[in-house]
Amino acid sequence: MPLLLRTPLHTVCLKQKARMTGFSGWEMPVQFSSIRQEHEAVRTSAGAFDISHMGKFILAGPDVIAQLQKLVPSDLSRLSEGKAQYTVLLNEQGGIIDDLIVYHQGITNGNQQITLIVNAGTTDKDKTWLQAHLSESVSFTDVSRRNALIAVQGPKATEKLQQLCAEENIQALPRYNHLTGKLLGYPAFFARTGYTGEDGFEVMVPVDAAVAVWQKLMDLGIAPCGLGARDTLRLEASMALYGQDINDTTTPLEAGLGWLVHLDKVDDFVGRAVLEQQKANGVARKLVGLTLAGRNIARHDYDLLSEGQSVGIVTSGTFSPTLGYPVALGYLPPNLAKVDQRVEVAIRGKTFPATVTKRPFYKSK
Amino acid sequence: MAFDYPEDLQYLDTHEYARVDEEEKIVTVGITAFAVDQMGDVVFLELPEVGDSVEKGENFGTIESVKAVEDLKSPVNGSVLERNDALLESPEDIANDPYGEAWLIKVKADDLSDLDEAMSAAEYEEQVEGDA
């Protein structure tokens, strides 16, 4: 078995009785108390996740944004200091190399400062792709191992986190905005983003600060949460997981990420020709939300059937703790990708009815 | 973490336990506290109907948690006398009392010698503690 990487919070999480699992080459907490309890903590109060395994790049140069624009379908011209854009890197076939967030951190000495946060499993692939496509005028720094990343999520997350950074007014920060400041005296990057469907922050601090910040969050009664709850939370919020719901062969138009594709604003980006064609002729499959009536979970790679014929595939599924029934994401042909459409899922040799459901399954109030 | 492994039960390496009533040849089947803990939040349980026959080493049902789905193996050949319908209604309760209230099925065994190869509590404990 290959050696797994460890985050700066590995030891403290073990002390908190975290159960660990291998994920994208990292040994990560999958659960502390129970997935259900952690899930509920995030939906009703606040939870903290160690997401230090995620890739973190800092780009600087006079025209970084213009160069990045050639690689993503979303209009980056509206990105200004303190704002962020969720988007996708595309290959020539319009397939998704990764989904990521682009943070504009201002202009220093004429250089645009951009931070990218990418998936752990795709960090190396993204780095190779970006370095091959960005010119030498862009300085590219991989700070993945230099910084820890902690997600603090839930309706009470912001007010609790605010107690640790009196100098910064993070409560006033709009969603998807970010600022740099101090957290317990350490330099910190606060982004009002997340992967749970709740309000909250993703906070980047130097590796040395990680344990102190984590402990303070625990002292405030924030529940430590693992990747198990992270998955049930993101699925209820219907957010795609790279490598599972989206990959190099799925385009954003197929994956329900059409809102990231601004063909009328962005003249030229890698993969545009394929997306133009799909926009004109339609896509062959669409990612949909599915709900099941029983308690069986439709899991990754299970077949979707219609009138006995295999018509698609489940990409993610779980038992929704908030809703009390199983939910899933999967690809179906466009004629079946309609709300209230009945299909079937093949689960261990039997078929069970599933209904196409409007996404997201859950929306915070 | 240490779990209970009651002395009066017999264990399979697939984490089912058997509680044997020798006189009546009735075997109560459940899964161990260790297995329940490994599964995490259980959401679904599938059990055979009363009267169905079960076979030693073969699947008689499935247990599913948010994390995983596992087959349930019968420790003996026989037929199902009773199944735990209350547990089917609220499978998450399995974590509360796996050796008591949260039994799965009761089987009328054809031959109790099917259990000859089953493990004692000490043997099972050694196996799972070795896993951990």
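Residues numbered from 1 in each chain as written. Chains lettered and ligands numbered in written order. Predicted model: local features only at pLDDT ≥ 70, side-chain atom pairs only at ≥ 80, totals over all residues. Heavy atoms only, no water.

As annotated in an unreviewed UniProt entry, chain B is Glycine cleavage system H protein from Phormidesmis priestleyi Ana. Turning to chain B, the UniProt record has this under Subunit (unreviewed entry): "The glycine cleavage system is composed of four proteins: P, T, L and H." The record held by UniProt for chain B lists under Sequence similarities (unreviewed entry) the comment "Belongs to the GcvH family." (UniProt positions renumbered as here; feature names shortened; annotations may be inferred.)

S.K.: Tell me about the overall build of chain B, and please be specific about residues and values.
M.R.: Scanning chain B from N- to C-terminus turns up three helices and nine strands. For chain B, the α and β elements follow one another from N to C terminus as β-β-β-α-β-β-β-β-β-α-β-α. In terms of C-alpha radius of gyration, chain B reaches 14 Å, essentially the compact-globule figure of 14 Å for 132 residues. Principal-axis analysis of the C-alpha atoms gives chain B an extent of 35 × 35 × 20 Å. In chain B, which comprises 132 residues, the proportion classed as buried is 49%. Taking contacts inside chain B between residues at least 6 apart in sequence as the whole, the part at least 24 apart equals 63%. (Helix = DSSP H or I, 4+ residues; strand = E, 2+ residues; numbered from the N terminus. Rg over C-alpha atoms; globule rule 2.2 N^0.38 Å. Buried < 20%, exposed > 50% of the residue type's maximum accessible area, 1.4 Å probe, protein only. Contact = heavy atoms within 4.5 Å.)

S.K.: Break down the overall build of chain A for me, with residues and values.
M.R.: Scanning chain A for helices and strands turns up eight helices and 19 strands. In terms of overall dimensions, chain A is globule-like: its C-alpha atoms have a radius of gyration of 21 Å, near the 21 Å expected for 365 residues. Projected onto its principal axes, the C-alpha coordinates of chain A cover approximately 60 × 50 × 45 Å. Across the 365 residues of chain A, 58% fall into the buried class. Taking contacts inside chain A between residues at least 6 apart in sequence as the whole, the part at least 24 apart equals 64%. Carbon together with sulfur atoms contributes 50% to the accessible area of chain A, which is approximately 15100 Å² in total. Distance between charge centroids for chain A: 6 Å, based on 37 positive and 36 negative side chains. (Areas by Shrake-Rupley, 256 points an atom, 1.4 Å probe, with all protein chains shown as cover. Lys, Arg positive; Asp, Glu negative; His and termini not counted. Charge placed at Lys NZ, Arg CZ, Asp CG, Glu CD.)

S.K.: Break down the nonpolar core for me, with residues and values.
M.R.: All names here are of chain A. Core analysis: the largest hydrophobic core is formed by 41 residues, its most contacted members being Phe49, Ile96, Tyr103, Ile246, Leu257 and Leu275. Those elements that place two or more of their residues in this core are α2 (35–44), β5 (84–90), β6 (96–108), β9 (147–153), β11 (186–191), β13 (223–225), α7 (227–236) and β17 (326–332). Among the elements that take part in this core, β5 stands out by supplying four residues, more than any other. Residues in contact with leucine 257, not counting those within four places in the same chain, are Tyr86, Val88, Ile96 and Pro252. Among the nonpolar cores identified, the runner-up in size contains 30 residues, and Leu9, Ile150, Leu179 and Met218 belong to it. (Core = buried A, V, L, I, M, F, W, Y, C linked by side-chain atoms within 4.5 Å.)

S.K.: Go over the interface of chain A and chain B with me, naming the residues and quoting the values.
M.R.: Chain A puts 15 residues into the contact, and the matching count from chain B is 16 residues. A buried area of about 1400 Å², summed over both sides, lies between chain A and chain B, and 44% of it is on carbon and sulfur atoms. The salt bridge partner of Glu46(B) is Lys350(A), with a shortest N-O separation of 2.6 Å. Across the chain A-chain B interface, the total number found is twelve residue pairs in polar contact (both at pLDDT 80 or more). (Buried area = accessible area lost by both parts, 1.4 Å probe. Salt bridge = Lys/Arg side-chain N within 4 Å of Asp/Glu carboxyl O. Polar contact = N/O pair within 3.5 Å; in protein donor to acceptor, adjacent residues only side chain to side chain.)

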